Amino acid sequence: MLGTDFSLGSPNWLDLGSPDTEAATAFYGAVFGWRFVSAGPEAGGYGFFQIDGKTVAALGPLTQEGAKSAWMIHFKADDIQATVSAVTAGGGTVRMEPMDVMGEGHLAQATDPQGAEFALWQPGKTTGLEIASAPNTLLWAELHVPDPLAAIAFYQGLFGWRSQDMQTPGMTYRVLSTKDGDQQDASFGGVAPISGEGEQPRWVPYFHAEDADATAAAATANGGSVLMPAADVPDVGRIAWLADPFGAAFALLKPDPRM
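Since we're looking at a predicted model, the values are computed, not measured.

Topic: unusual backbone geometry
Despite not being glycine, Met102 has its phi angle at roughly 50°, a positive value. Here Met102 shows up in the loop between β6 (93–100) and β7 (105–111). You will see that Ser133, though not glycine, has its phi angle at about 70°, which is positive. Position of Ser133 among the secondary structure elements: in the loop between β8 (117–123) and β9 (138–145). The class for Ser133 is buried, based on a relative accessible area of 17%.

Remarks on the side chain of Ser187
Note that Ser187 resides in strand β12 (residues 187–193). At 2.8 Å, the side chain of Ser187 and the backbone oxygen of Gln184 are in polar contact. Setting aside anything within four residues of it in sequence, one finds Ser187 in contact with Met1, Leu2, Trp140, Val175, Leu176 and Ser177.

Regarding the packing of aromatic side chains
Here the distance between the centres and the angle between the planes together describe a pair of aromatic rings. If you walk through the whole model with that rule in mind, you get 32 aromatic pairs. On the numbers, 5.1 Å between centres and 55° between planes, the contact of Phe32 with Phe207 is tilted. Residue Phe32 is found in helix α1 (residues 21–32), and its partner Phe207 is found in strand β13 (residues 202–208); the two are separated by 175 residues along the sequence. As far as burial versus exposure is concerned, Phe32 and Phe207 are alike and both buried.

Comments concerning the pattern of salt bridges
Enumeration according to the criterion identifies seven salt bridges in this entry. The closest approach of N and O atoms between Arg202 and Glu199, which form a salt bridge, is 3.8 Å. Overall, Arg202 belongs to the partly exposed group, its relative accessible area being 28%. Given a relative accessible area of 18%, Glu199 falls into the buried group. A salt bridge links Arg238 to Asp213, with the shortest nitrogen-to-oxygen separation between them at 2.6 Å. With a gap of 25 residues between them, Arg238 in strand β15 (residues 237–243) and Asp213 in helix α4 (residues 212–221) connect regions that are remote in the sequence. It is possible to trace a salt-bridge network through shared partners that takes in Asp213, Asp232 and Arg238.

Structural notes on the nonpolar core
One finds Tyr28, Trp34, Trp71, Phe118, Tyr155, Trp203 and Phe250 to be the most contacted residues of the largest nonpolar core, which totals 58 residues. Of all the elements, helix α3 (residues 148–159) adds the most residues to this core, at six residues. Each residue touching Tyr155, except ones within four places of it in the same chain, is listed here: Asp112, Ala116, Phe118, Leu143, Gly160, Trp161 and Trp203. Core analysis: the next-biggest nonpolar cluster, separate from the first, contains twelve residues, Leu139, Trp140, Ala192 and Leu253 among them.

Rules and cut-offs
- Residues numbered from 1 in each chain as written.
- Predicted model: local features only at pLDDT ≥ 70, side-chain atom pairs only at ≥ 80, totals over all residues.
- Heavy atoms only, no water.
- Helix = DSSP H or I, 4+ residues; strand = E, 2+ residues; numbered from the N terminus.
- Buried < 20%, exposed > 50% of the residue type's maximum accessible area, 1.4 Å probe, protein only.
- Polar contact = N/O pair within 3.5 Å; in protein donor to acceptor, adjacent residues only side chain to side chain.
- Contact = heavy atoms within 4.5 Å.
- Phe/Tyr/Trp six-rings, centres within 6.5 Å; stacked < 30°, edge-to-face > 60°.
- Salt bridge = Lys/Arg side-chain N within 4 Å of Asp/Glu carboxyl O.
- Core = buried A, V, L, I, M, F, W, Y, C linked by side-chain atoms within 4.5 Å.

Encoded structure:
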């Protein structure tokens, strides 16, 4: 599962673009108990979701015309210029060239060859999220694409990720791990084939839910919607897929205690 000792290719930042940051703050505060802290007047409305003073995610207004509300997972780059070159070489698209973010780090945004959007973060003063895998924080990152094997090959070219097949009902799920260390200990996410008609390629963040059913109920009570009702997945835990009031998709996972 995710930690905050980030290595090459680790998910190290997560933020939400929303058309109404005040309403988004109220929603996620009610669902996860997050508190929003502004990054300051020079940050253009951007700020941090925190639990007990530790950053678990971030929030900012949508800035591009026609952009839809969505969560964006960032992966650690050691050399962001080399990584964006690898994105292009691998058939992906660079949506935003690397830029310095007020000395906190360097940011770039990209789209993989199958259309899933992601971002890169090369740490400066800010290394990344301050807490992960605890209740109500980021626990897992999941990619949904038509061709999982092609996707894995692309990201291996960027980060050297490893993968391991896991058989689940009706499909092969591929567990992703960073390049170094024990493969199971270094796992942080997975790749699944797109199953539903009309589903778009995308990265989906999973948050640790102590009670997935109660958290899903809190989401619907506060204007969110259920994309997939809570269900038990053998040897994994209890999972639900939700969307916030503006359509940004995220998932819940109550891990199997034996994992």
